[in-house]
Amino acid sequence: MTATGKKPCCQAIGPPRAQPASGLTLQQKAARLAHALRKWRRSGAPLVARDVYRRRLDVCQACAHYRAEGNLGLGECAVCGCTRAKLWLATAACPHPEGVRWRAEAT
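Keep in mind the model is a prediction, meaning the values are calculated, not measured.

Asker: What should I look at first to understand the side chain of Lys86 in this one?
Answerer: By secondary structure assignment, the location of Lys86 is in the segment after strand E2 (76–77). Although buried, Lys86 forms no salt bridge, and the nearest oppositely charged side chain, Glu76, lies 12 Å from it. Excluding anything up to four places from it in sequence, Lys86 contacts Arg56, Cys80, Ala92, Ala93, Pro95 and Trp102.

In structure tokens form, the structure reads like this:
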């Protein structure tokens, strides 16, 4: 019964789905991923060194916009919707609204 005393016309099956931390739709995330991967591929698919990845991860994990449980446990940035995988891309940069937290290593 609803607050008005009427039966709902349909009932949800299973638990409610969690909203993505970023508030972005799957389509928006996919478009952003495709753009980042095209840029990375055009640059020769460079990856950062392990120490650069770890520094980037430390910065992200300390950020208020980072959700470790997001994107199926791969971590999620609430600003851009990316996962920890983005941290390996030398062409990627942090899109933090208050200023870039880490920069691209390659263009």
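So, next bit.
Asker: Would you take a moment to explain the confidence of the model for the chain for this structure?
Answerer: If pLDDT is low for a region, its predicted coordinates should not be looked at in detail. Averaged over all residues, the pLDDT of the chain is 81; the fraction at 70 or higher stands at 79%. The secondary-structure element of the chain with the lowest mean pLDDT is helix H3 (residues 70–73), recorded at 83, while helix H2 (residues 50–62) shows the highest, at 94. In this model residues 7–20 is a low-confidence stretch, pLDDT under 50, and it forms five contacts with partners more than four residues away in sequence or in other chains.

Asker: It is not clear to me how H2 should be interpreted in this structure. Could you clarify?
Answerer: For H2, which comprises 13 residues, the first-to-last C-alpha distance of 18 Å matches the rise-based estimate of 18 Å (1.5 Å per residue) to within 8%. Within H2 the residues assigned to the buried category are Val52, Tyr53, Arg56, Leu57 and Cys60. Along the axis of H2, the buried residues cluster in a sector spanning 135°; they form a single face. Across H2 from its buried face, at more than 90 degrees, point the exposed residues Arg55 and Ala62. Against strand E1 (66–67) lie the buried residues of H2.

Conventions and cut-offs
- Residues numbered from 1 in each chain as written.
- Predicted model: local features only at pLDDT ≥ 70, side-chain atom pairs only at ≥ 80, totals over all residues.
- Heavy atoms only, no water.
- Helix = DSSP H or I, 4+ residues; strand = E, 2+ residues; numbered from the N terminus.
- Buried < 20%, exposed > 50% of the residue type's maximum accessible area, 1.4 Å probe, protein only.
- Lys, Arg positive; Asp, Glu negative; His and termini not counted.
- Salt bridge = Lys/Arg side-chain N within 4 Å of Asp/Glu carboxyl O.
- Contact = heavy atoms within 4.5 Å.
- pLDDT = per-residue confidence, 0-100.
- Expected span 1.5 Å × (residues − 1).
- Arc of directions from axis to C-beta.

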